[in-house]
Amino acid sequence: MRRLKAAAARIRDDRGVGSVELATLAVVVLLLAFTIIQVGFYYHARKVAQSAARHGVDAGRQLGATSGDGVVQAQQYLARHGNSVRGPAVSASGSTATQIRITVTGSVATLVPGLELTVTQHADGPIERWTAP
């Protein structure tokens, strides 16, 4: 009988439960923090890629400029400000005689090894040209 009461008392003992709860909670809090940081990385890279595309369109739509000038301007912008866009590729595909379109594609810096996030942004604009009234 004594042994039964002693075993029942040990089963109801709460010692060590706080450590387990803290370890579980710490994992959840870290996962949440890393997720928030990763989302921030993604949106920042997206904004940088969009700004680079916009700068490229602004340079390429000027009178006498080519779409190649826009690509170069976007690449220069990324070289100055694009640390968050890794391995960027800039193209002027989709451009016509009256419209320019610059597309910037790259990968996002990640906290999780093996996670690949890609960001693609583009900007469009009319090309300046002389027309008869």
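Refer to the structure above for everything that follows.
What counts and what doesn't
Residues numbered from 1 in each chain as written. Predicted model: local features only at pLDDT ≥ 70, side-chain atom pairs only at ≥ 80, totals over all residues. Heavy atoms only, no water. Salt bridge = Lys/Arg side-chain N within 4 Å of Asp/Glu carboxyl O. Helix = DSSP H or I, 4+ residues; strand = E, 2+ residues; numbered from the N terminus. Buried < 20%, exposed > 50% of the residue type's maximum accessible area, 1.4 Å probe, protein only. Core = buried A, V, L, I, M, F, W, Y, C linked by side-chain atoms within 4.5 Å. Contact = heavy atoms within 4.5 Å.

**Thoughts on the pattern of salt bridges**
In the structure shown here, the tally under the stated rule is three salt bridges. Notably, a salt bridge pairs R61 with E128, separated by 3.9 Å at the nearest N-O pair. Here the residue R61 occupies a position in the loop between α2 (17–60) and α3 (67–81), and E128 occupies one in the segment after β3 (118–126), the gap between them amounting to 67 residues. The exposure class of R61 is partly exposed, given its relative accessible area of 23%.

**What about the nonpolar core?**
Soluble globular proteins tend to pack their nonpolar side chains together in the buried interior. Residues L78, V85, V90, I102 and V104 are the most contacted members of the largest nonpolar core, which totals 19 residues. Considering each element in turn, this core owes the most residues, six residues, to α2. Those residues within four positions of V104 in sequence are excluded, and the remaining contacts are A49, A52, A53, L78, A89, V90, V119, T120 and Q121.

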